[in-house]
2 protein chains.
Amino acid sequence: MNSANDGSRTGGGTSGTLRGARERARSEITAAIKDEARTQLAAEGAAKLSLRAVARELGMVSSALYRYFPSRDELLTALIVDAYDSVGAAAEGAAGPADADPVERWTAVCTAVRSWALAHPHEYALIYGSPVPGYAAPQTTIAPASRVGLTLITVARDAHRGPGVAPPPLAAELRPEAERMAAGLAADLPPALVASLVAAWSQVFGLISFELFGQFTKIVEDRDTFFAQSVARIGRDAGLAPAGSAGVLHREYA
Amino acid sequence: MNSANDGSRTGGGTSGTLRGARERARSEITAAIKDEARTQLAAEGAAKLSLRAVARELGMVSSALYRYFPSRDELLTALIVDAYDSVGAAAEGAAGPADADPVERWTAVCTAVRSWALAHPHEYALIYGSPVPGYAAPQTTIAPASRVGLTLITVARDAHRGPGVAPPPLAAELRPEAERMAAGLAADLPPALVASLVAAWSQVFGLISFELFGQFTKIVEDRDTFFAQSVARIGRDAGLAPAGSAGVLHREYA
DNA sequence: GTCTATACCCCGATAGAC
DNA sequence: GTCTATCGGGGTATAGAC
């Protein structure tokens with residue numbers, strides 16, 4: 001992943017411009033390879049991603065690709081990191097100002113993630129679907145993978161600073177685990193809130209995965225509305241709304 | 001999938017016993033093929049399931065397999081149907097008596113699904129994970145696929161017959177879709193309840209998928225407790241508990 | 001219903017010339 | 001850094017003998 005070594009042998013003291021040009025060409029080709037790989041991801045899936053097919057489509061010879069990615073798994077890792085960064089950026093961009101309504105912020109972030117998923121279903125499957133057999137994600141994927149979760153925690157933190165927002169109930173059996181989670185994720189937040197958030201976060205991805213992976217076929221039709229309402233309720237129940245605000249809805253329709 | 005045609009040519013009027021033996025042998029071999037295929041599913045994933053490898057491992061020659069499954073996709077379909085039936089049976093078996101506590105029944109069914117998933121991760125991935133590229137599930141998978149959902153609906157129906165269990169709030173925007181869902185899934189239940197149930201159902205699978213697919217690595221450790229508590233809350237929030245019962249918990253820790 | 005043989009494809013990875 | 005050539009695998013599916 002570090003291209004600094006490549007130009008140093010010939011470009012050492014002769015020409016900074018040349019080295020710059022080479023690095024530019026290199027990064028362009030790298031980008032083209034990843035783009036084509038993403039196309040293949042859509043057609044054949046991650047398990048069958050093949051360097052040869054990518055090379056063929058780019059008019060290269062397979063061995064040339066090894067100058068850019070030392071193995072198939074490294075290419076896969078690059079795609080995974082890109083995907084996490086892409087959805088993470090979408091989530092961060094949707095979070096909005098810290099003083100906005102927490103449930104609306106929560107809903108906006110989750111909706112952004114869903115929109116990203118609908119626009120990039122195969123990349124979504126790559127990072128949130130079944131693991132690729134025989135592939136083990138390296139440590140480098142951990143940081144980008146956490147961006148969405150951190151965004152949601154930020155929303156919760158801002159909400160918790162506001163008035164009247166109480167953490168949700170926490171069962172006694174869950175307290176030790178909740179404290180462990182809070183210590184690792186957001187030591188400044190109440191453990192009950194952190195535990196609720198992690199559950200809520202995974203529940204939102206359950207909604208998205210079911211929609212994307214076809215489990216809602218013939219069951220849910222107006223999926224935009226269904227998602228928006230479900231996610232808002234998850235957010236409220238997780239402790240982002242001032243206590244009692246859900247009751248308003250309840251009174252309306254009881 | 002229909003084996004009646006195979007023995008009829010030679011066994012027509014001569015020997016019912018012979019035909020019985022042949023069909024028995026056939027079903028045993030069919031089972032052996034599926035078992036070996038499941039083993040390969042675990043090792044290589046559904047996308048790379050190959051008839052040749054299955055045949056090799058069984059000491060057969062690849063072309064012999066075509067007498068049992070006309071194509072790779074038919075074998076895959078058989079595995080999918082088996083998996084849905086397997087998890088469906090586990091769910092149904094855990095539902096317990098109709099007069100038990102609804103939230104406990106809900107939790108028992110969801111826990112059974114999770115246990116099944118942990119015991120059969122690759123079959124879970126096959127049916128609830130990323131779709132297999134290039135494979136389209138035929139209509140025959142629909143009925144087995146609905147068994148878990150129907151079990152949860154049954155639990156909700158029994159709960160709704162009980163005293164004091166009110167459907168959860170339903171936002172006005174969601175009412176048309178909720179009525180559509182209710183019409184297709186459980187016309188005798190309130191639309192608000194059906195919509196909540198579908199959302200809750202997908203949220204439970206979000207928890208299971210995140211755990212199974214590695215998203216809880218280094219985040220959730222005591223997963224049994226985390227799942228049990230999260231699922232119980234989902235069930236209560238979906239309208240399986242008498243109104244106000246969640247408040248008990250709330251008062252305990254507020 | 002199992003066998004051999006075959007047609008015709010695919011892959012990851014490396015060696016060594018240029 | 002790209003090329004050809006190569007090693008040593010893999011696959012689906014069918015034809016036709018037995």
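In this text the structure is predicted, and so the values were computed from the model without any measurement.

Here the two chain copies are tied together by a rotation about an axis and a shift along that axis. The transformation that overlays chain B on chain A combines an axial shift of 0.0 Å with a rotation of 180 degrees, and the residual RMSD is 0.0 Å. Within this description, the copies of the chain are treated as partners about a two-fold rotation axis. Relative to the rotation axis, the C-alpha of Gly206(B) is the closest in chain B, positioned 1.7 Å from it. The share of interface residues of chain B whose copies in chain A are also at the interface is 100%, consistent with both copies meeting through the same surface.

On to the protein's contact with DNA strand D. Close to DNA strand D lie 16 residues; Ser63(A), Arg67(A), Ser50(B), Leu51(B) and Arg52(B) are nearest. Near-protein atoms of DNA strand D (within 4 Å) split between backbone and bases, with sugar and phosphate holding 50%. Within the side chain of Ser50(B), one N or O atom sits 2.9 Å away from a phosphate oxygen of DNA strand D. One nitrogen or oxygen atom from the main chain of Leu51(B) is found 3.0 Å from a phosphate oxygen belonging to DNA strand D.

To find the voids left in a structure, one rolls a probe of water-molecule size over its atoms. Applying the stated criterion across every chain yields a total of 5 cavities of 30 Å³ or more. Counted as a void, the largest cavity has a volume near 520 Å³. If you trace the largest cavity, you find 38 residues lining it, with Gln203(A), Asp237(A), Gln203(B), Ile234(B) and Asp237(B) closest to the centre. If you list the elements that add at least two residues to the lining of the largest cavity, you get helix 11 (191-212) and helix 12 (223-240) of chain A together with helix 11 (191-212) and helix 12 (223-240) of chain B. Across the lining of the largest cavity, the residue classes break down as 24 nonpolar, 8 polar and 6 charged. Volume-wise, the second largest cavity comes out at about 70 Å³. Along the lines of polarity and charge, the residues of the lining of the second largest cavity split into 7 nonpolar, 5 polar and no charged.

Here we come to the side chain of Lys34(A). Residues and elements named next belong to chain A. With respect to the helices and strands, Lys34 occurs in helix 2 (residues 16-44). Under the relative-accessibility criterion, Lys34 is labelled buried at 17%. Apart from residues lying up to four places away in sequence, Lys34 is in contact with Phe69, Leu75, Ala78, Leu79 and Asp82.

Before going further, it helps to examine the nonpolar core. Judged by nonpolar contacts, the single largest core of 149 residues is most densely connected at Trp106(A) and Trp106(B). Excluding its chain neighbours within four sequence positions, the residues that come into contact with Trp106(A) are Leu152(A), Val155(A), Leu197(A), Ala200(A), Trp201(A), Val204(A), Val231(A), Ile234(A), Gly235(A) and Leu240(A).

Bringing the interface of chain B and chain A into the picture now. One frequent convention defines the size of an interface as the accessible area lost when the parts assemble. Listed per partner, the contact involves 56 residues of chain B and 56 residues of chain A. The tally of links from chain B across to chain A stands at 2 salt bridges. Arg180(A) is the partner of Glu221(B) in a salt bridge, and the nearest nitrogen-oxygen pair spans 3.6 Å. At 11 residues, helix 11 of chain B tops the list of elements feeding residues into the side of chain B that touches chain A. For the side of chain B that touches chain A, the residue count by class is 33 nonpolar, 13 polar and 10 charged.

Cut-offs and rules
- Residues numbered from 1 in each chain as written.
- Chains lettered and ligands numbered in written order.
- Predicted model: local features only at pLDDT ≥ 70, side-chain atom pairs only at ≥ 80, totals over all residues.
- Heavy atoms only, no water.
- Least-squares fit on C-alpha atoms with pLDDT ≥ 70 in both.
- Contact = heavy atoms within 4.5 Å.
- Near = heavy atom within 4 Å.
- Polar contact = N/O pair within 3.5 Å; in protein donor to acceptor, adjacent residues only side chain to side chain.
- 1 Å grid on protein atoms, 1.4 Å probe; cavity = no way out; pocket = protein on both sides within 12 Å on 5 of 7 lines; lining within 4 Å.
- Points joined across faces, edges and corners; volume = space filled by probe spheres on them.
- Helix = DSSP H or I, 4+ residues; strand = E, 2+ residues; numbered from the N terminus.
- Nonpolar A, V, L, I, M, F, W, Y, C, P; charged D, E, K, R; others polar.
- Buried < 20%, exposed > 50% of the residue type's maximum accessible area, 1.4 Å probe, protein only.
- Core = buried A, V, L, I, M, F, W, Y, C linked by side-chain atoms within 4.5 Å.
- Salt bridge = Lys/Arg side-chain N within 4 Å of Asp/Glu carboxyl O.

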